[in-house]
Amino acid sequence: MKALLLVDHADHKLDFQEVDTPKPEKGQVIIQIKAAALNRRDEWIRQGKYPGIRFNTILGSDGAGIVTSVGEGVSEDWMGKEVLVNPNMNWGENPAAQAADYHIVGMPTHGTFAEYLAVNTNQVFEKLAHLSWSGAAALPLGGLTAFRAAFHHGKISQGESVLISGIGGGVAQFAFQFALAAGAKVYVTSGQQEKLDQAIAMGAQAGFNYKTEGWQKAAVKASGGFDCVIDSAGGDQLNDFIRMMRPAGRIVFYGATNGMPAKLDLFRMFWNQITLQGSTMGNDTEFADMISFVEEHKIEPVIDSVRPFEEIIDAFDAMRDGKQFGKLVVEMN
Ligand SMILES: NC(=O)c1ccc[n+]([C@@H]2O[C@H](COP(=O)([O-])OP(=O)(O)OC[C@H]3O[C@@H](n4cnc5c(N)ncnc54)[C@H](OP(=O)(O)O)[C@@H]3O)[C@@H](O)[C@H]2O)c1
């Protein structure tokens, strides 16, 4: 089968190769991938900025497709089912934090950027009827990360004032839609005006360009302060968020694209009862809950673009350049 592998060449790190089509092991199914989606993680891996990198691994954490064969102990009822994949592997018994051997489909185990994927049945969910192949492929990793940030840690509820930063991001898009569906008043930031306009058209109360001087004051004036901020950039901007919170506000961050803050305003944090909470993807129960939430609210992932699988390296370049609004998806023939 055709697959996109991480390779250790001097001039390139991504390579299409013909590899053996996987055979199902005990408890597994084989999925013929119909669509797959990129995450920032894939680009971090290409750049060598991800822990535990193993060359000659098929990349890709998000995918959806059709079950074409089943392994020992797996019901034949799976055959022909349209499914999507939970990319979590070995979260473990503790819902609060992942086990030491936790990892994610697409590094170090083979991923979804291939014609076929072997995966355990407990990671396979029926594709939601309201989603296209691209929509189903776009959902898993970003949806799960946003769901845990928004509800497990963020505790977003109806009527609250919520800020989603960097609305162009794949995860941010889901956090935005989940917060709207929960009945929150949602505000957004972006470095690009057209992304703010798109978010306002989708239901944001207002949008602020984080590259514009004084955006913080304008955001507080418009919102009256925030009960919850969902962020993936980190950096010194965290101090802006601390100043923008209502008492007992929750700041949840699931990435640190801008690195560490030089300092942190601990005085304001303790006095105003502010929580600063790190978050990752989520446990398997949260994945199932996220799927139900998306089904109940008929949420459609925002898709920036869909390319043929053969053009996936262009999608990596688009991710690197940060021009996307929503998910970058590829479809197989
Ligand atoms: N912990 C986990 O399990 C987990 C899971 C998924 C992702 N992540 C991490 O979360 C981050 C985002 O992932 P993603 O997949 O959503 O990536 P993505 O689709 O590439 O989105 C990144 C977004 O970051 C925003 N951004 C850049 N500078 C910013 C700033 N100063 N303030 C606010 N936003 C800024 C940009 O938004 P605009 O274009 O709107 O300016 C950009 O679209 C990455 O660091 C990723 O590694 C972690």
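Since we're looking at a predicted model, the values are computed, not measured.

Parameters at a glance
Residues numbered from 1 in each chain as written. Predicted model: local features only at pLDDT ≥ 70, side-chain atom pairs only at ≥ 80, totals over all residues. Helix = DSSP H or I, 4+ residues; strand = E, 2+ residues; numbered from the N terminus. Rg over C-alpha atoms; globule rule 2.2 N^0.38 Å. Buried ≥ 20, exposed ≤ 12 C-beta atoms within 10 Å, placed from the backbone. Contact = placed C-beta atoms within 7 Å. Axes fitted to C-alpha atoms, helices over the stretch in contact; angles between N-to-C directions. Parallel < 35°, antiparallel > 145°, perpendicular 65-115°, else oblique. Near = placed C-beta within 6 Å. Nonpolar A, V, L, I, M, F, W, Y, C, P; charged D, E, K, R; others polar. Domains from an automatic or database assignment. Expected span 1.5 Å × (residues − 1). Core = buried A, V, L, I, M, F, W, Y, C linked by C-beta atoms within 7 Å.

Colleague: I would appreciate a short explanation of the overall build of the chain in the present structure.
Modeller: Along the chain, the regular secondary structure elements total 10 helices and 17 strands. Taken against the 2.2 N^0.38 rule, which gives 20 Å for 333 residues, the C-alpha radius of gyration of the chain at 20 Å falls within 12% of a compact globule. Put simply, the chain has 333 residues, and 48% of those count as buried. Long-range pairs, those at least 24 residues apart, make up 68% of the contacts in the chain with a sequence separation of at least 6.

Colleague: Where do I start with the packing of helix H3 (residues 140–153) against helix H9 (residues 284–296) in this structure?
Modeller: Between two packed helices, the angle of one axis relative to the other and the distance separating the axes together describe the packing. Where H3 meets H9, the closest approach of the two axes is 9 Å, and the angle between their N-to-C directions is 90°. Compared by their axis directions, H3 and H9 come out roughly perpendicular. Across the interface between the two elements, Gly-143, Leu-144, Phe-147, Arg-148 and His-152 from H3 touch Glu-286, Phe-287, Asp-289, Met-290, Phe-293 and Val-294 from H9.

Colleague: Got a minute to help me understand the site of the ligand in this structure?
Modeller: Gly-166, Gly-168, Gly-169, Ser-190 and Gly-255 are the nearest of the 30 residues found near the ligand. Partitioning the shell around the ligand into residue classes produces 9 nonpolar, 18 polar and 3 charged. Residues lining the shell around the ligand come from more than one domain, with at least three contributed by each of domain 1 (2–139 + 301–331) and domain 2 (144–278).

Colleague: Just to check I follow, could you spell out the environment of Glu-18 for this structure?
Modeller: If you trace the backbone, Glu-18 turns up in strand S2 (residues 14–18). For Glu-18, a count of 8 C-beta atoms within 10 Å puts it in the exposed group. Residues Glu-18 and Leu-5 lie 13 residues apart in sequence; the distance between their C-alpha atoms is 9.9 Å.

Colleague: Where do I start with H3 in this structure?
Modeller: An α-helix turns once every 3.6 residues. As a result, residues three or four positions apart point the same way. With 14 residues, H3 ought to run about 20 Å at 1.5 Å a step, and its terminal C-alpha atoms sit 19 Å apart, in line with that. For H3, the tally of buried residues reaches 13 of 14 residues, placing the bulk of the element in the interior. The positive-phi residue at the C-terminal boundary of H3 is Lys-155, with phi of around 50°.

Colleague: What should I look at first to understand the nonpolar core in this one?
Modeller: Proteins that are soluble and globular tend to have nonpolar side chains buried together. Ranked by internal contacts, the top residues of the largest apolar core, which has 95 residues, are Ile-31, Ala-137, Ala-150, Val-162, Ile-164, Ala-175 and Ala-179. Taken together, domain 1 (2–139 + 301–331) and domain 2 (144–278) each give at least three residues to this core, which thus spans both. Those residues within four positions of Ala-179 in sequence are excluded, and the remaining contacts are Ala-150, Ile-156, Val-162, Ile-164, Ala-184 and Val-186.

The values are spatial; any link to function lies outside them.
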